[in-house]
Amino acid sequence: MTRNTILYNFAFIVIGTALGIFVAILLTEIVKSVWAKFYQSALLLPYLLSWVVISYMVFAFLNSDSGFINNTVLKVLGMAPVSWYTKSNIWPFILILVFLWQTVGHTSIIYMASIAGIDKGIYEAAKIDGAGKIKQIFYITLPLLSQRSRSWFLWRSERYSFLILDCFIRYL
């Protein structure tokens, strides 16, 4: 039980932070697009939903009788339906995927705010020096986000450490 809690929280923090930074960089690059606000809203919406609503949505996708994946996706691929709720080996991936789906929008908005605070003159100077978008991301954006990443990582670690502490106290 404690091992699972620690591993899940490690995956939630590390993968969630990396994915949040990735999505934030993507969204800041399409800021001139008409669809930018739509993408931001669509990514934030799962964070605003209750876990009960999220669980019903997952149930609608994974139900072995009437689930979207079994009745649509697997049927199109010519595969047999899967009883998702009886397969214990795939649940760690499903839990991590659902958690990331719900929280990556919020995380990316925090990183987008940090990216918006980076001086545009730095990007202009790099562009004049011949740096493309990829070099600007790796040599300007990511290093300047490192302080925010450390703060966010510590905040998330502290938040989840209470869950781990609770598991230790219960089973001692």
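Heads up: these notes are all about the structure in this document.

Parameters and conventions
Residues numbered from 1 in each chain as written. Predicted model: local features only at pLDDT ≥ 70, side-chain atom pairs only at ≥ 80, totals over all residues. Heavy atoms only, no water. Helix = DSSP H or I, 4+ residues; strand = E, 2+ residues; numbered from the N terminus. Contact = heavy atoms within 4.5 Å. Salt bridge = Lys/Arg side-chain N within 4 Å of Asp/Glu carboxyl O. Buried < 20%, exposed > 50% of the residue type's maximum accessible area, 1.4 Å probe, protein only. Patch = residues over 30% accessible without salt bridge, like charges linked within 9 Å, V, L, I, M, F, W, Y side chains within 5 Å. Areas by Shrake-Rupley, 256 points an atom, 1.4 Å probe, with all protein chains shown as cover.

For Gln40, the position within the fold is in helix 2 (residues 36–48). With residues near it in sequence (within four places) discarded, Gln40 still touches Leu27 and Met112.

What follows is about the pattern of salt bridges. Summed over the entire model, instances satisfying the criterion amount to 1 salt bridge. For Lys133, the salt bridge identified is with Glu29, shortest N-O distance 3.4 Å. Of this pair, Lys133 sits in helix 7 (residues 133–170) while Glu29 sits in helix 1 (residues 2–29), and the two are 104 residues apart along the sequence. Residue class for Glu29 comes out partly exposed when judged on its relative accessible area of 37%.

Together, Phe10, Val14, Ile15, Leu19, Phe22 and Leu26 make up a nonpolar patch on the protein surface, roughly 540 Å² of accessible area in all. Judged by its relative accessible area of 34%, Val14 is partly exposed.

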